[in-house]
Amino acid sequence: MTAESEKIEEPKGLETPQDIPDGWQANIIAFACHYCAFAAADLAGVMRLSYPANVKVVRLPCTGKLDQIYLLRAFERGVDGVFAAG
Amino acid sequence: MIVGEQKPFDEVWEMVKGHKQLTVFGCNTCVAVCHQGGNKEAEILASLLKMRATQEGVDIEIVDGGIERQCEHPFFESAQEVLKESEAVLSLACGIGVQFMAQKYKTTPIYPALNTTFLGDVQEDGYFTEKCQACGDCVLGVTGGVCPVTRCCKRLFNGPCGGSTNGKCEISKDIDCAWQLVVDRLEALGKIKDYEKITPVKDWSKDRAGGPRSFKLEGF
Ligand code: SF4
Ligand code: SF4
């Protein structure tokens, strides 16, 4: 379950360029294939390996399900980087 | 099919940025085949425009949609609502679709997102070539299926000219000489004798010389 504070919301208003605050971390969304990359992430979890909290993983049935518009919508909503793994 | 190419993004942005609401509207037939104007491309262009609006601090509500064909009334039925509500429309159809919509929605500005480039074929995935200029009086039957109007750079009807070299046209080494293609094809068909026949002066009144053309079927 994703905590409320972790959800990536629709932008609330217009964004203006700002100085990068101290301690800022890029907001990364990872699209992972259920059968390989997501399974690998799962295994990493079982092995108690950790990854930074600024990465959110979205499971896809296959990376073939990835569509340009998923990437663009992520950027529209303020995601800084997209990682596709599969 | 009709081939088009998306206009440079900045040009599109300049056209539409003054509106408060914009519908980015795809046409899912010819221009979808060349990956420039289909409903999917409309969705992508709408997303890029939203991001540009955000970056520039411009407040525009942008939605996307599309239909199968923007050059025929019945296809518009499914989109009546969204189009009636639109302050402006950015159409990804060819010039025909844009004009058809402008005629249909008399008080809504309809902007073209594409440059309509030619009537062509799909040689291979992602590669389109011009093949016909709709001259209104087809001569393919005597030229072995190679169009001299479109494919000969000088539109010669009794070619080749003196510039034909090693099968290439004198204007570019990347362009096949249409008349070399005609000769090769007539040879392959065993009709090379037909090459000797002089083609009379073409009747250009059936081309654009007579103004915009139309065609009406009886009984409809
Ligand atoms: S001769 Fe005219 S109608 Fe025939 S392919 Fe060429 S341009 Fe088109
Ligand atoms: S070289 Fe061939 S295609 Fe080019 S203008 Fe001459 S006849 Fe036409």
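Residues numbered from 1 in each chain as written. Chains lettered and ligands numbered in written order. Predicted model: local features only at pLDDT ≥ 70, side-chain atom pairs only at ≥ 80, totals over all residues. Heavy atoms only, no water.

For the rest of this paragraph, the subject is helix α2 (residues 68–76) of chain A. Buried within α2 of chain A we find Ile69, Leu72, Ala74 and Glu76 of chain A. Buried positions along α2 of chain A lie against β1 (28–33) and β3 (81–85) of chain A together with α3 (39–56) of chain B. Once α2 of chain A finishes, Gly78 of chain A follows within two positions and takes phi at roughly 95 degrees, a positive value. (Buried < 20%, exposed > 50% of the residue type's maximum accessible area, 1.4 Å probe, protein only. Helix = DSSP H or I, 4+ residues; strand = E, 2+ residues; numbered from the N terminus. Contact = heavy atoms within 4.5 Å.)

We now examine the site of ligand 2. Within the structure, ligand 2 sits among 13 residues, and Cys152, Cys161, Cys169, Cys177 and Ala178 of chain B are positioned closest to it. When each cavity is represented as a set of grid points, ligand 2 is found to reside in the largest cavity. (Near = heavy atom within 4 Å. 1 Å grid on protein atoms, 1.4 Å probe; cavity = no way out; pocket = protein on both sides within 12 Å on 5 of 7 lines; lining within 4 Å. Sits in = over half its atoms within 2 Å of the grid points.)

All chains considered together, the criterion is met by 5 aromatic pairs over all chains. Considering the side-chain rings of Phe157 of chain B and Trp204 of chain B, the 6.0 Å spacing of their centres and the 70 degrees angle between planes classify their relative orientation as edge-to-face. Pair noted here: Phe157 of chain B is in the loop between α6 (148–151) and α7 (178–188) and Trp204 of chain B is in the segment after α7, with a separation of 47 residues, a long-range link. Residues Trp179 of chain B and Tyr195 of chain B carry aromatic rings whose centres are separated by 6.3 Å and whose planes lie at 50 degrees to one another, so their mutual orientation is tilted. Highlighted residues: Trp179 of chain B in helix α7 and Tyr195 of chain B in the segment after α7, separated in sequence by 16 residues. The class of Trp179 of chain B is buried, set by a relative accessible area of 6%. Within the aromatic cluster, the residues linked to one another by ring pairs are Phe76, Phe100 and Tyr105 of chain B. Arg59 of chain A extends its terminal NZ or CZ atom over the ring of Phe38 of chain A, reaching a point 5.1 Å from the ring centre. (Phe/Tyr/Trp six-rings, centres within 6.5 Å; stacked < 30°, edge-to-face > 60°. Lys NZ or Arg CZ within 6 Å of the ring centre and 35° of its normal.)

To continue, consider the domain arrangement of chain B. Often the size quoted for an interface is simply the accessible area lost on bringing the parts together. When its domains are assigned, chain B resolves into domain 1 (2–118) and domain 2 (136–210). Distance from the C-alpha centre of domain 1 of chain B to the C-alpha centre of domain 2 of chain B: 38 Å. (Domains from an automatic or database assignment.)

What follows deals with the site of ligand 1. Looking at ligand 1, the residues that line it are Cys132, Gln133, Ala134, Cys135, Cys138, Val139, Leu140, Cys147, Val149 and Thr150 of chain B. Grouping the constituent residues of the shell around ligand 1 by class yields 8 nonpolar, 2 polar and no charged. (Nonpolar A, V, L, I, M, F, W, Y, C, P; charged D, E, K, R; others polar.)

This brings us to the packing of α2 of chain A against α3 of chain B. Interaxial distance between α2 of chain A and α3 of chain B falls to 10 Å at its minimum, and their mutual angle equals 15 degrees. Classified by the interaxial angle, the pair formed by α2 of chain A and α3 of chain B is roughly parallel. Between α2 of chain A and α3 of chain B the crossing geometry is left-handed. When α2 of chain A is examined against α3 of chain B, the residues Gln68, Ile69, Leu72, Arg73, Phe75 and Glu76 of chain A are found in contact with a partner set consisting of Lys40, Glu43, Ile44, Ser47, Leu48, Lys50 and Met51 of chain B. The class makeup of the residues in the contact of α2 of chain A with α3 of chain B is 6 nonpolar, 2 polar and 5 charged. (Axes fitted to C-alpha atoms, helices over the stretch in contact; angles between N-to-C directions. Parallel < 35°, antiparallel > 145°, perpendicular 65-115°, else oblique. Left-handed = near helix turned anticlockwise from the far one by under 90°.)

This brings us to the nonpolar core. Residues and elements named next belong to chain B. Among the nonpolar cores identified, the biggest contains 27 residues, and Leu22, Val24, Leu49 and Leu90 are the most heavily contacted of them. Those elements that place two or more of their residues in this core are β1 (2–6), α1 (9–16), β2 (21–27), α3 and β6 (114–124). Here this core takes 5 residues from α3, the largest share from any one element. Leave out the neighbours within four places in its chain, and Val24 touches Ala42, Leu45, Ala46, Leu49, Ile62, Val63, Asp64, Gly65, Leu90 and Leu92. By size, the runner-up hydrophobic cluster in this structure holds 11 residues, among which are Phe76, Ala79, Met101 and Ile110. (Core = buried A, V, L, I, M, F, W, Y, C linked by side-chain atoms within 4.5 Å.)

What follows concerns the pattern of salt bridges. Pairing between side chains becomes possible if they bear opposite charge and their charged atoms approach one another. All names here are of chain B. Considering all chains together, one arrives at 13 salt bridges over all chains under this definition. Notably, a salt bridge pairs Lys168 with Asp176, separated by 2.6 Å at the nearest N-O pair. Asp176 gets classed as partly exposed once you look at its relative accessible area, which sits at 36%. For Lys197, the salt bridge is made with Asp194, and the minimal N-O distance between the two is 3.2 Å. Residues joined in a network through salt bridges with shared partners are Asp10, Arg52 and Glu56. (Salt bridge = Lys/Arg side-chain N within 4 Å of Asp/Glu carboxyl O.)

Here the focus is the sheet that holds strand β3 (residues 61–67) of chain B. Residues and elements named next belong to chain B. Strand order in the open sheet formed by 4 strands is β3-β2-β4-β5, with parallel pairing between adjacent strands. Whereas interior strands pair on both sides, the edge strands pair on one side only; in this sheet they are β3 and β5 (110–112). In this sheet, neighbouring strand axes are inclined to one another by 25 degrees on average, regardless of whether the strands run parallel or antiparallel. One ladder, built from 7 bridges, connects β2 with β3; its direction is parallel. Paired with Thr23 across the two strands is Val63, which belongs to β3. Seen against the sheet, α1 touches β2, β4 (89–91) and β5 and runs at an angle of roughly 165 degrees to β5. Relative to β3, α3 is tilted by about 170 degrees, and along the sheet it contacts β2, β3 and β4. (Pairing = 2+ DSSP bridges.)

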